[in-house]
Amino acid sequence: MEGQIPLGNGEFCFNVDGTGLQTFGGNTMAHWAWHSFPLPEGVTQDQIPATGTFQKGRNTGPDIFPEGTSAIRQYMFDNPHSFNLGRIRLVKSGGQSVAPEQIQNLSRTMDLWTGIQTSSFSVEGKPVQVETCVDPSTDMVSVRIESPLFENGELGIAIDFPYPAIQRNKPWVGNFKRTEGNSTIRMNDQVDDQRADFLREIDDVVYYTSLNWSDGGMLKSPEEMAPNTWRLEVKGISSFQFTCAFSSNPLKSSLPDVHESEQANKEHWPLFWKKGGAIDLSESKDERWMELERRIVLSQYLTAVQSAGSHPPAEVGLMGIDSWRGQFHMEMIWWHLAHYALWDRWEMADSALTIYKRFIPTARALAQQLGYKGLQWQKSASPEGRTAPWEGNQVLIWKQPHPIFFAELEYRLHPTRETLEKWAEIIEGTAEYMADYPVRDDQTGTYHLDPVMPPSEQGITKDDIFDLAYWKWGLQQAQLWRERMGSERNSHWDEVIQNLAELPVKDGLYLHSPEWEDTYTERNWEHPNTVGVWGMLPPQKDMDFDTAHRSLLKVWETWQWKRCWGWDFPWTAMAAARLGEPQMAVDALLLDAGTKNHYDERGVCTGGPCPYLPGNGGLLYAVALMTAGWDGAPDKNAPGFPDDGSWVVKWEGLKPAP
């Protein structure tokens, strides 16, 4: 009953439990909703580094915070954080909570074609039916409830507004008892028109809520013990409707009603499913086809409702708060958003990707503070562009080429001057940093990535294989971008490209790094970096097919898959497809690795410390690559799937990967 289904429009998400509301769990989240706790005692705002680090000068190792700054460090880690806008619950007469054991005969349906979730159950033997949806264009939940319990006022609705809290794995996020710094003011208190507009003030954060309801409802003011809980008493009817909208700005006087919102959903979702890519596996003989197709379909839905807003999503999406306080990881942006290009839904990524343009000032300031040219992209960030402190922030560098990859994805879809100019400043600044970061050996002329933390995050080393490959590819693409713009190639960039350290190899196998020769024995867990160079990345001239193939087979044989993450399986599938192992590609997507490659009943990947959307996004990119192919792929249908008749792949609307 507490399994929560996210309903959303990409920017805003209302997570519902088995009752169709948030009676026993579920959060209301939005990409625009951020809060910071007051500064620690004795700390002033000018003591908080705008870049998120006290480091000055080029990297020599981990990001170390000076003594006496622990309070500042913790503050920057915790703030800003996403927060729960409010919860909406079923309550009994007088506001008494409904107990789980009072809910019986529960059934629920999420209709992906209409965006409407329907719950049917009984309370003390009397039926209740709840239909819930989120408006496609307004951050608003719409609810329709049918029950004879309303006739005598035995059932009502409560809306509670919490103070933000750093909580994980709880039914709801927030402190619903705290009143300090947490107020709810009804702005139209004298108007009895079945609408209540609330001004919400949480410390220095302000947002607005509008509650609208049908005949038969009466809004009850909060009691002294619960000043942030309002209640709709319902009586004399059996059918009741209400909407609740949230916004960072005052809400319009005219908002959609329940019927209008339902109709908008019934128009929006068919258009979504009809537009863009589609895959049909139903004629396959492999009995796993239905599970793979289930994951594909539900991943499209889950990313559409949570990962198509004004900011990149957190790993947990808009379902709650993760250990990084709901901030988004810049290295994970690729896994959240790249699939939209291959599924021909680029417009769903476009708004979030403006983060690179918005972050230019802070990225430039960070690079300058550390003694580098260009733009250094942040690690774990929030809308203000300050990175949350962590020892690997400055040396986990595989996030750096991502904007070049995104630019290339967009250019493949829209090869216009407008696209070139849109990304030009971002690519130039990104490549300036990339060309300045490597350390040149004066004796050999070789440029080394030193220090560097690989994607596997197993420590700090130098010349890790994935970053070397991605660095070279990124600088080459940046040069190509200059040529497309009519500019000359940058000679220093070419020098770095030509003299960057070779990919580390031992005994015919790629290694994590030249310092980590125990890649396949002691370091055979976390992200398998060696498969990424011929998987997520297209092959390059200095990469060897046979070495990459042997490395893939060795990873498949030796890796501790139950110590991996949700996106490691699609990462491996991409490499298997490109390297001529289509059966392995499918097996990687469906590998039994416990919770790490599990997709729950909702389709949410569980392969992380929280509900883990990078797994869902990675799955969508991998299956699109396996289906529509990639540059240089074999000229046949679905080249990443076995062609022995076990898989029959029908598809349309997908784009090949680079």
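Shown above is the structure to which this text applies.
How each quantity is defined
- Residues numbered from 1 in each chain as written.
- Predicted model: local features only at pLDDT ≥ 70, side-chain atom pairs only at ≥ 80, totals over all residues.
- Heavy atoms only, no water.
- Helix = DSSP H or I, 4+ residues; strand = E, 2+ residues; numbered from the N terminus.
- Rg over C-alpha atoms; globule rule 2.2 N^0.38 Å.
- Buried < 20%, exposed > 50% of the residue type's maximum accessible area, 1.4 Å probe, protein only.
- Contact = heavy atoms within 4.5 Å.
- Areas by Shrake-Rupley, 256 points an atom, 1.4 Å probe, with all protein chains shown as cover.
- Lys, Arg positive; Asp, Glu negative; His and termini not counted.
- Charge placed at Lys NZ, Arg CZ, Asp CG, Glu CD.
- Pairing = 2+ DSSP bridges.
- Axes fitted to C-alpha atoms, helices over the stretch in contact; angles between N-to-C directions.
- Parallel < 35°, antiparallel > 145°, perpendicular 65-115°, else oblique.
- Nonpolar A, V, L, I, M, F, W, Y, C, P; charged D, E, K, R; others polar.
- Core = buried A, V, L, I, M, F, W, Y, C linked by side-chain atoms within 4.5 Å.
- Salt bridge = Lys/Arg side-chain N within 4 Å of Asp/Glu carboxyl O.
- Phe/Tyr/Trp six-rings, centres within 6.5 Å; stacked < 30°, edge-to-face > 60°.
- Expected span 1.5 Å × (residues − 1).
- Disulfide = S-S within 2.5 Å.
- Left-handed = near helix turned anticlockwise from the far one by under 90°.

1. Let's talk about the overall build of the protein chain
What the protein chain contains, in helices and strands, is 17 helices and 25 strands. Here the C-alpha atoms of the protein chain give a radius of gyration of 26 Å, agreeing with the 26 Å that 2.2 N^0.38 yields for 658 residues. With respect to the three principal axes, the spread of C-alpha positions in the protein chain is 85 × 65 × 50 Å. For the protein chain, with 658 residues in total, the buried portion stands at 61%. A separation threshold of at least 6 residues defines the contact pool for the protein chain, and within that pool the share at least 24 residues apart is 68%. Total accessible area on the protein chain stands at roughly 24700 Å², and carbon and sulfur atoms take up 47% of it. Across the protein chain, 58 positive and 89 negative side-chain charges occur, with their mean positions spaced 0 Å apart.

2. Describing the sheet that holds strand β16 (residues 229-234)
In spatial order, the strands read β6-β11-β16-β15; together these four strands make up an open sheet with antiparallel pairing. Of all the strands in the sheet, the pair left with one neighbour each is β6 (87-92) and β15 (217-220). Taken pair by pair, the neighbouring strands of this sheet meet at an average axis angle of 25°, ignoring direction. Two strands pair when backbone bridges link them, and β15 and β16 are joined in this way by four bridges, in the antiparallel orientation. Following the sheet pairing, Leu219 is matched in β16 by Leu232.

3. Some points on helix α16 (residues 582-589)
When α16 is considered as a whole, its buried residues turn out to be Met584, Ala585, Val586, Ala588 and Leu589. Looking at the packing, one finds that the buried side of α16 touches α3 (289-306), α14 (545-558), α15 (568-578) and α17 (613-628).

4. Topic: the packing of α15 against α17
Axis angle and axis distance: for two packed helices, these are the angle between their axes and the distance between the axes, and together they describe the pair. Viewed as axis vectors pointing N to C, α15 and α17 meet at an angle of 10°, and their least axial separation amounts to 8 Å. By the angle between their axes, α15 is roughly parallel relative to α17. Across the interface between the two elements, Pro570, Ala573, Met574, Ala577 and Arg578 from α15 touch Gly615, Gly618, Leu619, Tyr621, Ala622, Leu625 and Met626 from α17. Across the contact of α15 with α17, the residue classes break down as nine nonpolar, two polar and one charged.

5. Describing the sheet that holds strand β3 (residues 28-30)
Here three strands make up an open sheet; going across it, the order is β1-β2-β3 and the pairing antiparallel. Each edge of the sheet is formed by a strand with only one pairing partner; in this case those strands are β1 (5-8) and β3. Averaged over all pairs of adjacent strands, the angle between their axes in this sheet comes to 25°, without regard to strand direction. With respect to the sheet, α3 is in contact with β1 and β2 (12-16), its orientation differing from that of β1 by roughly 55°.

6. Topic: the nonpolar core
Formed by 190 residues in total, the largest nonpolar core has its most connected members in Ile145, Phe242, Leu292, Trp334, Tyr356, Phe406 and Tyr621. Apart from residues lying up to four places away in sequence, Ile145 is in contact with Leu21, Leu90, Val128, Gln129, Val130, Phe150, Ile157, Ser238, Ser239, Phe240 and Phe242. Core analysis: the next-biggest nonpolar cluster, separate from the first, contains six residues, Ile48, Phe65, Ile72 and Met76 among them.

7. Some words on the pairing of strand β9 (residues 126-134)
Relative to β9, strand β8 (residues 116-123) runs antiparallel, the two sharing seven bridges. What sits directly across from Phe121, in β9, is Val128. Counted between consecutive antiparallel strands, the loop separating β8 from β9 contains two residues, among which Glu124 sits at a positive phi close to 50°. As defined by bridge partners, β9 adjoins strand β10 (residues 140-146) across six bridges and the pair is classed as antiparallel. The partner of Val134 across the bridge, within β10, is Val141.

8. A short note on the environment of Phe176
By the element assignment, Phe176 lies in the loop between β11 (155-160) and β12 (182-186). Residues Phe176 and Leu219, 43 residues apart in the sequence, show an inter-C-alpha distance of 19 Å. Those residues within four positions of Phe176 in sequence are excluded, and the remaining contacts are Asn84, Arg87, Asp160, Phe161 and Pro162.

9. Things to note about the pattern of salt bridges
Here the structure, examined in full by the defined rule, presents 34 salt bridges. A salt bridge links Lys422 to Glu410; its shortest N-O distance comes to 3.1 Å. Here Lys422, found in helix α10 (residues 417-436), pairs with Glu410, found in helix α9 (residues 402-413); they are 12 residues apart in sequence, far enough to count as distant. As a salt-bridge pair, Arg440 and Glu495 come within 3.8 Å of each other at their nearest N and O atoms. Of the two residues, Arg440 is situated in strand β21 (residues 439-440) and Glu495 in helix α12 (residues 491-499); the sequence distance between them amounts to 55 residues. In the salt-bridge network here, residues are joined through shared partners; they are Arg87, Arg89 and Asp160.

10. Looking at the packing of aromatic side chains
Tallying each qualifying case throughout the model produces 43 aromatic pairs. Centre to centre, the rings of Trp269 and Tyr301 are 5.3 Å apart; their planes meet at 40°, and the pair counts as tilted. One end of the pair, Trp269, is in helix α2 (residues 258-274); the other, Tyr301, is in helix α3, with 32 residues separating them in the sequence. Ring geometry for Tyr372 versus Tyr433: centroids 5.2 Å apart, planes at 65°, classification edge-to-face.

11. A short note on α9
Between its first and last C-alpha atoms α9 spans 17 Å; for 12 residues at 1.5 Å apiece the expected length is 16 Å, and the two agree. Most of α9 is tucked away, with 10 of its 12 residues classed as buried. For α9, the complete set of buried residues consists of His402, Pro403, Ile404, Phe405, Phe406, Ala407, Glu408, Leu409, Glu410 and Tyr411.

12. A look at the state of the cysteines
On inspection of all chains with the given rule, the structure shows zero disulfides. Summary of cysteine pairing: Cys564 is not part of a disulfide, and the nearest cysteine sulfur, belonging to Cys605, is at 12 Å. Cys605 carries a free sulfur, and the closest cysteine sulfur to it, the one in Cys610, is 9.7 Å from it.

13. What about the side chain of Gln400?
As for its position among the elements, Gln400 is in the loop between β20 (380-381) and α9. Residue contacts for Gln400: discarding those within four places in its chain leaves Leu375, Gln376, Trp377, Thr430, Tyr433, Met434 and Trp471.

14. Brief notes about the packing of α2 against α3
As a packed pair, α2 and α3 sit with axes 12 Å apart at the nearest point and diverge in direction by 125°. When the axes of α2 and α3 are compared, the pair comes out oblique. α3 is crossed by α2, and the crossing has right-handed handedness. Across from Trp269, Phe272 and Trp273 in α2, the residues of α3 making contact are Val297, Gln300, Tyr301, Ala304 and Val305.

15. Things to note about the environment of Pro455
Relative to the assigned elements, Pro455 resides in the loop between β22 (447-448) and α11 (465-484). Taking relative accessible area as the criterion, Pro455 reaches 1% and is therefore assigned buried. C-alpha of Pro455 to C-alpha of Trp390: the two residues are 65 residues apart in sequence and 15 Å apart in space. Among all residues touching Pro455, those that are not within four sequence positions of it are Leu396, Trp398, Asp464, Phe466, Asp467, His527, Asn529 and Trp571.

16. Examining unusual backbone geometry
Leave glycine aside and you will find that most residues have negative phi; peptide bonds, for their part, are mostly trans. The residue after Asn79, namely Pro80, is reached through a cis peptide bond having omega -10°. Tracing the backbone through its elements, the reader meets Pro80 in the loop between α1 (70-78) and β5 (81-82). Between Asp450 and Pro451 the backbone carries a cis peptide bond, its omega angle lying at 0°. Inspection of the secondary structure puts Pro451 in the loop between β22 and α11. The backbone of Asn105 sits at a positive phi, close to 55°, despite the residue not being glycine. Structurally, the position occupied by Asn105 is in strand β7 (residues 103-111). The backbone of Ala638 sits at a positive phi, close to 45°, despite the residue not being glycine. Mapped onto the elements, Ala638 comes out in the loop between α17 and β25 (650-652).

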